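Here's the letter readout for the chains.
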Amino acid sequence: MNEVTERIARMIENDGNAAIKRVLRVAQSDVMALLCEFMDVRKLDMTVDVAQGGYALTVTADVARFFDVGKTSESL
């Protein structure tokens, strides 16, 4: 590849990575809100790796405790 082609390829890759990071920020917020209904989440990490034919999403949560079923933020 020539220098211009390589530069364009890097720009496209960087734009794609930035888009993935934006999506992860929004998704992490939604996942955190959902998990907090069922557990006391202290920390939530989400990572994306390129996998065969797509991506692999890994979600890791540090949880202090789990709530009993029916004891979510909604009360009767």
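In this text the structure is predicted, and so the values were computed from the model without any measurement.

J.: Can you help me understand the overall build of the protein in this one?
T.: A tally of regular secondary structure across the protein gives 1 helix and 2 strands. Shown N-terminal to C-terminal, the secondary structure of the protein runs as helices and strands in the order α-β-β. Scored against the burial criterion, the 76 residues of the protein give a buried share of 8%. Considering only intrachain contacts with a sequence separation of at least 6, the fraction spanning at least 24 residues in the protein is 34%.

J.: What's the story with the pairing of strand β1 (residues 39–51) in this structure? I'm lost.
T.: Relative to strand β2 (residues 54–66), β1 runs antiparallel, the two sharing 12 bridges. Counterpart to valine 41 in the pairing with β2 is valine 63. What sits between β1 and β2 in their antiparallel hairpin is a turn of 2 residues, with glycine 53 showing a positive phi close to 75°.

J.: Would you explain the environment of arginine 65 in this entry?
T.: Relative to the elements of secondary structure, arginine 65 occurs in strand β2. Spatially, the C-alpha atom of arginine 65 lies 5.3 Å from that of aspartate 40, the residues being 25 residues apart in sequence. Sequence-distant contacts of arginine 65, defined by excluding residues within four places in its chain, comprise Met39 and Asp40.

What counts, and at which threshold
Residues numbered from 1 in each chain as written. Predicted model: local features only at pLDDT ≥ 70, side-chain atom pairs only at ≥ 80, totals over all residues. Heavy atoms only, no water. Helix = DSSP H or I, 4+ residues; strand = E, 2+ residues; numbered from the N terminus. Buried < 20%, exposed > 50% of the residue type's maximum accessible area, 1.4 Å probe, protein only. Contact = heavy atoms within 4.5 Å. Pairing = 2+ DSSP bridges.

Read these as layout, nothing more, since geometry by itself doesn't imply function.
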